[in-house]
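# Structural description and commentary
Each chain, written out:
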Protein chains: 2
Amino acid sequence: MGGLAFLLLPFLAPMATTAVNPALRALASLNLQVFPTFQPNEVDHFGFYNTKTFRQRYLIADKYWKTYDGVILFYTGNEGDITWFSNHTGFMWDVAEKLKALLVFAEHRYYGDSLPFGEDSFKDAKHLNFLTSEQALADFAELIRHLKRTVPGADGQPVIAIGGSYGGVLAAWFRMKYPHLVVGALAASAPIWQFEELTPCGVFMKIVTEDFRKSGTKCSESILRSWGAINRLSNTGSGLPWLTRTFHLCTSLNSEDIQRLKDWISETWVNLAMVNYPYPANFLKPLPSWPVKVVCQYLTNPYMSDSLLVQNIYQALNVYYNYSGESRCNNISETTIGTLGSRVWGYQTCTEIILPFCTNGIDDMFEPRAWDLEKYSDDCYKQWGVRPRPSWITTVYGGKEIHSHSNIIFSNGDLDPWSGGGVTEDLSDTLVAVNIPEGAHHLDLRSSTDTDPPSLQLARSVEVRHMKQWISDFYGNYRKQP
Amino acid sequence: MGGLAFLLLPFLAPMATTAVNPALRALASLNLQVFPTFQPNEVDHFGFYNTKTFRQRYLIADKYWKTYDGVILFYTGNEGDITWFSNHTGFMWDVAEKLKALLVFAEHRYYGDSLPFGEDSFKDAKHLNFLTSEQALADFAELIRHLKRTVPGADGQPVIAIGGSYGGVLAAWFRMKYPHLVVGALAASAPIWQFEELTPCGVFMKIVTEDFRKSGTKCSESILRSWGAINRLSNTGSGLPWLTRTFHLCTSLNSEDIQRLKDWISETWVNLAMVNYPYPANFLKPLPSWPVKVVCQYLTNPYMSDSLLVQNIYQALNVYYNYSGESRCNNISETTIGTLGSRVWGYQTCTEIILPFCTNGIDDMFEPRAWDLEKYSDDCYKQWGVRPRPSWITTVYGGKEIHSHSNIIFSNGDLDPWSGGGVTEDLSDTLVAVNIPEGAHHLDLRSSTDTDPPSLQLARSVEVRHMKQWISDFYGNYRKQP
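Every value quoted in this text rests on a predicted model; they were computed, and no experiment measured them. (Residues numbered from 1 in each chain as written. Chains lettered and ligands numbered in written order. Predicted model: local features only at pLDDT ≥ 70, side-chain atom pairs only at ≥ 80, totals over all residues. Heavy atoms only, no water.)

### Regarding the overall build of chain A
To keep it simple, the criterion reads: For helices the rule is a DSSP run of H or I covering at least 4 residues; for strands it is a run of E covering at least 2, with both sets numbered from the N terminus onward. Radius of gyration: over C-alpha atoms. The globule rule applied is 2.2 Å multiplied by the number of residues raised to the 0.38 power. For the exposure calls, accessible area comes from a 1.4 Å probe over protein chains only, and a residue counts as buried if that area is under 20% of its type's maximum, exposed if over 50%, partly exposed in between. Contacts are residue-level and defined by heavy atoms, with any inter-residue pair within 4.5 Å sufficient. Using a 1.4 Å probe, accessible areas were evaluated by the Shrake-Rupley method; residue-level cover was limited to the displayed protein chains. Just so you know, the count uses Lys and Arg for positive and Asp and Glu for negative, and it drops His and the chain ends. Where a charge sits is defined by one atom per residue type, namely NZ (Lys), CZ (Arg), CG (Asp) or CD (Glu).
Helix and strand counts for chain A come out as 16 helices and ten strands. For 482 residues, the compact-globule estimate of 2.2 N^0.38 gives 23 Å, and the C-alpha radius of gyration of chain A, at 22 Å, lies within 12% of that figure. The 482 residues of chain A split such that 63% are buried. Sequence-distant contacts, at least 24 apart, represent 73% of the contacts inside chain A between residues at least 6 apart. In the structure as shown, chain A presents an accessible area of about 17600 Å², 50% of it carried by carbon and sulfur atoms. For chain A, the distance from the average position of its 41 positive side-chain charges to the average position of its 49 negative side-chain charges is 3 Å.

Okay, structure coming up:
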């Protein structure tokens, strides 16, 4: 499944080095009390034969909430443990006081502790059948109605959906499909147009390449040349053990592992582009500020010998894999992933979330690889027993024909490869694009820091301004005066 | 199941005396060629385990279609054979030339010839599992995308959804959920608010009563008193055979049939109110003009003896059941129904389409009956093996919070009992109400006649004006000039 794995790039890979069920300590440090809660929800919202319910987890924090003129900020959870997302969405915690907000983080079904069939949830296609974006949105809808019914003061409040990455896609889709439940959505780094032929398949890797090109002289060129170097070395008698040693791999390379090795390296460059933040951060991995720049310091000369070039590639990768100095060896079947969350994400990318990727080695720094839907489908069938329906997402969520909707902020960082499939120009007065030139993957959702670039500060203030407008529109139009 | 049957009032009952698969002769008489076609569609749009497809039927007529500046009028089929609906939606045929329209009539899954599992479709809750409004809307969406891909000229055209009754509800919901596929919707007599507590449960029967009250002196009073008369007669020794004879019933009444008899009579009054058209028509049954007036001619004296009152009730019913003079005996398990279509409609009213009805004998002319969800649910479970989710429709389609949508015409006739759950006031500039004082159930969708009242003519012209506006907006905004 090597070839497939590369094409199954997760939006992000939240399982990383953090534990599957991280403690809530980070939240406590924000001085906001958080309550993890479970709410029964239908396993199948769209059929009545299966009457099973499951416990959906959500986190709720009400320290700054005001029931008179506040708001409910509702994080539409994505492909991972919701605790991790609540820990990495500092923006919501930062604006809670200003907006008098109740914070709710809703976990996506089949991730974290929200498993429809417990341990059996991942067993086969039959048990995975209820893992779709439509079911997840319906969970959010039922949860909001539940909160409005049961939390005193919630009923008269506007709700705003917020999410990043796939969670941002869900936030946008939620506003489109359930505008009666949320007054607006902040969709951060949400590649809603990375489907079908809405965006050329090469754009993603082109942006990755551009990040490396701009981050150091000859950097992307070095990477482009490295593939040939690896190929040539792997064809020599001593090449495989040498590559194993040079990359500090945990297990010895066979010749059939070479594609997987190159995919692992490619994914690392992709991840680095996604987390190319202006300050030290621990999102997928602990990293220095502007990590791509640091990586590129090792990649200034594409024209050295194959073995020297590959040694430099290793040094560069090491910025990602061993910045903390704790790593002993590298496992090429893991980039940041390897655990539950991303396994099931693979199912989603084999059913609804079909993201065509391709490279040509000309506009990008990768070996050429065409988008091959037929092979992709066959690989999906082998791994999951299902086949993708690549045009369904456009059918159900509208593709580029979304101008009739309203109140969605699409924020994107220019450095983020996912921005290629994002909405980066205003579609109307209320479908607005916020672009952050120095931004990588949903930088704006992170906690504010002293070193935030002005463009990021501006982006956040525009976002808050829109949200305040939605809130005041809500109270202006619908509040029953006492 | 007597009690349930009353509460399972279909929106309308298209199976009636027409054959299940009526010929297309009526269409031919309109001089428009019509092509019945089948298109494979997913049985389960919302899951990937079941990969079965089924043949969805649709009718298509292109005589007046112009691909340069025309429109596709798309009938969102409801609970019956689509041929029947195309025969009874003369409005679309009437406006085809004016709007240069391609007409498409899409059949609703599980009705007519669009059976996901053929003969097995109605076997049990497992096979009925895919009968939901969401699946039906997804069928329509896939069908529109299919037409745009395959019919030359269709791709650059706006589509308008049109439907009446449950089909009107679907047209409105389709515009809400798939605004990228239809520029607007004409939702005729669509009771989108007949759910949960959006409308008081007594309104429906109150409107029925009002129709009878206005159609003849003492008419509703006579009906109100008739229930007691029937009850008293059924308690006497000779009462049951007398009632059997008097009502010309096909089978002898037992004492446990009395409730069913009264329900059958009640349903007849309801149906008469629905089809109280200003000219002779054959919608559910062949009927004279203003049939409720004709019925009320027999019901002018509520204070006669029980047996005389009941004999008058029979005469009144006979207007409905034997206007054509062909009926030999009356079957109280049928009003207009009894065939496939309405059987499955019962499933829909036991799952999603939960329409609370109640009577109190004060505001209406019926015996008091409370809305009893618990009993309703138990009856559903007995009959179909499923239980209703009464709040789901509001969760998914928004209830009264639909002001953020656009381009929907809600037309209602004041005489139509379903208007009580309809939208009868403008919600915004583009969510408009068209009320027809002399109108019964989606009168505006019928063919125009020489005797159409002015209010009906006005309603249709307002509807056409809105549709023309949507079409010109579409071409103004999106046409790529050659």
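### Here we look at the sheet that holds strand 10 (residues 431-436) of chain A
Residue and element names in this part refer to chain A. Note the cut-off: Strands were regarded as paired on the criterion that DSSP finds at least two bridges between them. Each axis is a line fitted through C-alpha atoms, taken for helices only over the stretch in contact, and angles between the N-to-C directions span 0 to 180 degrees.
Pairing in this open sheet of eight strands is mixed, and the strands run 1-2-4-3-5-6-9-10 from one edge to the other. The two strands at the open ends of the sheet, each matched to only one other strand, are strand 1 (35-42) and strand 10. Each strand of the sheet is rotated relative to its neighbour by a mean of 20°, with strand direction disregarded. For strand 6 (residues 184-188) and strand 9 (residues 408-413), the ladder comprises four bridges, and the chain directions are parallel. The residue of strand 9 that forms the bridge with Ala185 is Ile408.

### Observations regarding the interface of chain B and chain A
The criterion, for reference: Accessible-area loss on putting two parts together, using a 1.4 Å probe and summing over both, is the definition of buried area adopted here. A carboxyl oxygen of Asp or Glu within 4 Å of a side-chain nitrogen of Lys or Arg is what we treat as a salt bridge. Residue polarity follows a fixed list, in which Ala, Val, Leu, Ile, Met, Phe, Trp, Tyr, Cys and Pro are nonpolar, Asp, Glu, Lys and Arg are charged, and the others, Gly among them, are polar.
Contact residues are listed per partner, giving 43 residues for chain B and 43 residues for chain A. Roughly 3800 Å² is buried in total at the junction of chain B and chain A, and carbon and sulfur atoms are behind 56% of that figure. Inspection of the chain B/chain A interface yields four salt bridges. Elements represented by at least two residues in the side of chain B that touches chain A include exactly helix 5 (125-128), helix 6 (133-150), helix 7 (166-177) and helix 16 (392-397) of chain B. It is helix 6 of chain B that contributes the most residues to the side of chain B that touches chain A, six residues altogether. Of the residues in the side of chain B that touches chain A, the class split is 15 nonpolar, 15 polar and 13 charged.

### Regarding the sheet that holds strand 5 (residues 159-164) of chain B
Strand pairs in the sheet, formed through backbone hydrogen bonds, run parallel or antiparallel to each other. Residue and element names in this part refer to chain B. The eight strands are arranged 1-2-4-3-5-6-9-10 in an open sheet whose pairing can be described as mixed. Taken across any chain shown, the strands that pair with only one partner, and hence form the sheet edges, are strand 1 (35-42) and strand 10 (431-436). The sheet shows a mean angle of 20° between the axes of neighbouring strands, taken without regard to direction. Sheet topology places strand 9 (residues 408-413) next to strand 10; six bridges connect them, and they run parallel. Directly across from Ser411, in strand 10, lies its bridge partner Val434.

### Considerations on the relation of the copies chain B and chain A
What counts here: A least-squares fit on C-alpha atoms brings the copies together, and the residues used are those whose pLDDT is at least 70 in both copies.
Overlaying chain B with chain A gives an RMSD of 0.0 Å, the required rotation being 180° about an axis along which the chain moves by 0.0 Å. Here the two chains are linked by the operation of a two-fold rotation axis. Closest approach to the rotation axis among the C-alpha atoms of chain B is made by Lys177 of chain B, whose C-alpha sits 3.0 Å away. Taken together, the interface assignments show that 100% of the residues at the interface of chain B recur at the interface of chain A, consistent with an identical surface on both copies.

### A look at the packing of aromatic side chains
Heads up, the condition is: For Phe, Tyr and Trp, where Trp contributes only its six-membered ring, two rings pair if their centres lie within 6.5 Å, and the inter-plane angle classes them as stacked under 30 degrees, edge-to-face over 60, or tilted in between. Two limits define a charge over a ring: the Lys NZ or Arg CZ must be within 6 Å of the ring centre, and within 35 degrees of the ring normal.
For the structure shown, the criterion picks out 51 aromatic pairs over all chains. Aromatic pair Phe204 of chain A and Trp418 of chain A: ring centres 4.6 Å apart, planes at 70°, arrangement edge-to-face. In this pair, Phe204 of chain A is assigned in helix 7 (residues 203-215) and Trp418 of chain A in the loop between strand 9 and strand 10, connecting sequence segments 214 residues apart. Taken as a pair, Phe204 of chain A and Trp418 of chain A share a single burial class, namely buried. Ring centres of Phe357 of chain B and Trp418 of chain B lie 5.8 Å apart, and the angle between their planes is 70°; on these two criteria the pair is classed as edge-to-face. Highlighted residues: Phe357 of chain B in the loop between helix 14 (340-349) and helix 15 (373-384) and Trp418 of chain B in the loop between strand 9 and strand 10, separated in sequence by 61 residues. For Phe357 of chain B, a relative accessible area of 2% gives the class buried. Each member of the aromatic cluster is reached from another via a ring pair, and the members are Tyr75, Trp84, Phe85, Trp93 and Phe105 of chain A. Positioned above the aromatic ring of Phe38 of chain B is the side chain of Arg55 of chain B, whose terminal nitrogen or guanidinium carbon lies 4.1 Å from the ring centre. The lysine or arginine in question, Arg446 of chain B, covers the ring of Tyr277 of chain B, its NZ or CZ lying 4.8 Å from the ring centre.

### Focus on the nonpolar core
Threshold: By nonpolar core is meant a set of buried Ala, Val, Leu, Ile, Met, Phe, Trp, Tyr and Cys residues that side-chain atoms within 4.5 Å join together.
If you look at the biggest cluster of nonpolar residues, it comprises 317 residues, and the most contacted ones within it are Phe212, Phe247 and Trp269 of chain A together with Phe212, Phe247 and Trp269 of chain B. Residue contacts for Phe247 of chain A: discarding those within four places in its chain leaves Ile230, Leu261, Trp264, Ile265, Val310, Ile313, Tyr314, Leu317 and Asn330 of chain A.

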